[in-house]
Amino acid sequence: MCWIVVAICASDLGMAGFLTSAVTVTHPDFVTTPGIDYAVFLVILFIHGWMNVLPVKYTGMINNISVWWHIMGILFIVIVGLLLTPNKPSASFALGQYYNNTGFKSDGYAWLIGLLQSQFTLNGYDTAAHVSEETKSAQRGSPMGIVMAIASSAVVGTILMIACAFMIQDFDKQIVNKNISMTITQVFLDGTGVGWTMWFLVIIIVAMYFAGAAVIVGSSRQTYAFARDGAMPFSKWLIKLTSSKVPANAVWFNIAFAAILGLPYLFSEVAFETIVSINTIAANISYFIPIWLRITMARKRFEKGPYHLGSFSIPCGVIACLWISFTSVLFILPTQSPVTPGNMNFAIIPFAFVIGLASIVYLVSGRKWFTGPIRNIDTMVVREVDGQVIQETRRVVVVTEDSPPI
């Protein structure tokens, strides 16, 4: 659960930085500070928390709006940006320009550590699984939601990145020696002017807001599930639901936790990169464990659901595990040379601390009382009303004598 709270912190801190960067477009004399960014971050967190305690039907409506906002917004940026930007670079520059500013002599190593940002986008798509208990036909709907999220993001994201590359007019001025903290803001400003840039930034900031809200949906449901299984501190408080069946306490727990995780940003510019690294590594490993168990221990006794990859399941699982192992090691390595206390990648320290603490707690106490997750099973109920036979799908919570009270 910890990694997904880190994802909340990373996404909302990123939005806060982008928002303060947008202010400099119309107010060039404005200079942001870590304190200002953190204050904006807290406001965004609070709004996200308030929105996520609304009834589930409103969350669904917001998610639907989010999908169309992302698609139409990206099309708007791509079309308008390419039409208005003069002096577009050549295709060889936009698609083949390579720049190594890490200090390491190896361009290959610089390219590999550059995967961090792209790998960071590969999380949060499993929110469909976290809200499966509130989803009809979850055995098909949840995996389909995961696949569609990845596929649509890959296509639309690639289009956006290529378009932005063709908007770069002066690499040194806009990328290397930019005047605005966010590089893409400088690119938009030089290519389209203040007015259109502000429209682009509004689209991006709202999209980031929707993305952060979706992460909190998944995080709060995961916290609730862990608490229901008795695996969280304050479990009895965390499993309380509102009249609309929303885990509000779990939502605010995640908001508070994310606010605390963001505190190091006040003291170090490297803190945000560390937070992103921790999120990426921990997210990858949380995906690695069930995949690894599926292709090893549960290979023969795994019961396939209605949605599966068939004969491709094992090969895809092996490839996923190899990739996760490789990137997890890669993202704890230093990103700049020479390595100093100011630019050192400290991601391994808090990550090892959390994993170590959790392991100790389980060995000392948890293994004596934790009996595993509570299972939810969809059952078919047949009843007769006024001579008509009605079939209904109902969700049953399966507990054992040793399960914690719910």
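Heads up: the structure comes first, above all this text.
Heads up: these notes are all about the structure in this document. The structure presented is a predicted model; accordingly, all values stated were derived computationally and were not measured.

Re the side chain of Thr85
- Residue placement: Thr85 occurs in the loop between α3 (56–84) and α4 (91–96).
- Looking at Thr85, its side chain comes within polar contact range of the main-chain oxygen of Gly81, at 2.6 Å.
- Apart from the residues within four sequence positions on either side, Thr85 is in contact with Met167, Gln169, Gly191 and Thr192.

Quick word on unusual backbone geometry
- The omega torsion across Ser337 and Pro338 is 0°, close enough to zero to call that bond cis.
- Examined against the element boundaries, Pro338 turns out to sit in the loop between α15 (313–330) and α16 (348–369).
- At Lys245, a residue that is not glycine, the phi angle is positive and equals roughly 65°.
- Within the element layout of this structure, Lys245 appears in the loop between α12 (235–238) and α13 (248–261).

Side note on a nonpolar patch on the surface
- A cluster of nonpolar side chains, Val67, Trp68, Ile71, Met72, Leu75, Phe76, Ile79, Leu83, Leu84, Trp196 and Trp199, forms an exposed patch at the surface whose accessible area comes to about 1100 Å².
- If you list the elements that add at least two residues to the nonpolar patch, you get α3 and α11 (194–228).
- Among the elements that take part in the nonpolar patch, α3 stands out by supplying nine residues, more than any other.
- Residue position: Trp68 is located in helix α3.

Some thoughts on the side chain of Thr197
- Structurally, the position occupied by Thr197 is in helix α11.
- In this structure the side chain of Thr197 is engaged in a polar contact, spanning 3.3 Å, whose partner is the side chain of Thr192.
- Not counting residues up to four positions away in its chain, the partners in contact with Thr197 are Val25, Thr185, Phe188, Leu189 and Thr192.

Description of empty space enclosed by the protein
- Under the definition given, this model contains one cavity of 30 Å³ or more.
- Roughly 40 Å³ of internal volume is contained in the largest cavity.
- Among the residues making up the lining of the largest cavity, the classes are represented as five nonpolar, three polar and no charged.

Here's the deal with the packing of aromatic side chains
- On inspection of all chains with the given rule, the structure shows 13 aromatic pairs.
- Both rings, one in Phe104 and one in Tyr109, keep their centres 4.8 Å apart while their planes meet at 70°; by these two values the pair is edge-to-face.
- Look at Phe104 and you get partly exposed, because its relative accessible area is 21%.
- According to the relative accessible area criterion, Tyr109 is buried, its value standing at 17%.
- Measuring from ring centre to ring centre gives 6.1 Å for Trp323 and Phe326, while their planes differ by 45°; the resulting arrangement is tilted. With Trp323 and Phe326 both in helix α15 and three residues apart, the pair spans about one turn of that helix.
- Accessibility expressed as a relative area gives 37% for Trp323, which makes it partly exposed.
- Clustering of aromatic rings is evident, with ring pairs tying together Phe76, Phe188, Trp196 and Phe200.

Reading the values: the criteria
- Residues numbered from 1 in each chain as written.
- Predicted model: local features only at pLDDT ≥ 70, side-chain atom pairs only at ≥ 80, totals over all residues.
- Heavy atoms only, no water.
- Helix = DSSP H or I, 4+ residues; strand = E, 2+ residues; numbered from the N terminus.
- Polar contact = N/O pair within 3.5 Å; in protein donor to acceptor, adjacent residues only side chain to side chain.
- Contact = heavy atoms within 4.5 Å.
- Patch = residues over 30% accessible without salt bridge, like charges linked within 9 Å, V, L, I, M, F, W, Y side chains within 5 Å.
- Areas by Shrake-Rupley, 256 points an atom, 1.4 Å probe, with all protein chains shown as cover.
- Salt bridge = Lys/Arg side-chain N within 4 Å of Asp/Glu carboxyl O.
- 1 Å grid on protein atoms, 1.4 Å probe; cavity = no way out; pocket = protein on both sides within 12 Å on 5 of 7 lines; lining within 4 Å.
- Points joined across faces, edges and corners; volume = space filled by probe spheres on them.
- Nonpolar A, V, L, I, M, F, W, Y, C, P; charged D, E, K, R; others polar.
- Phe/Tyr/Trp six-rings, centres within 6.5 Å; stacked < 30°, edge-to-face > 60°.
- Buried < 20%, exposed > 50% of the residue type's maximum accessible area, 1.4 Å probe, protein only.

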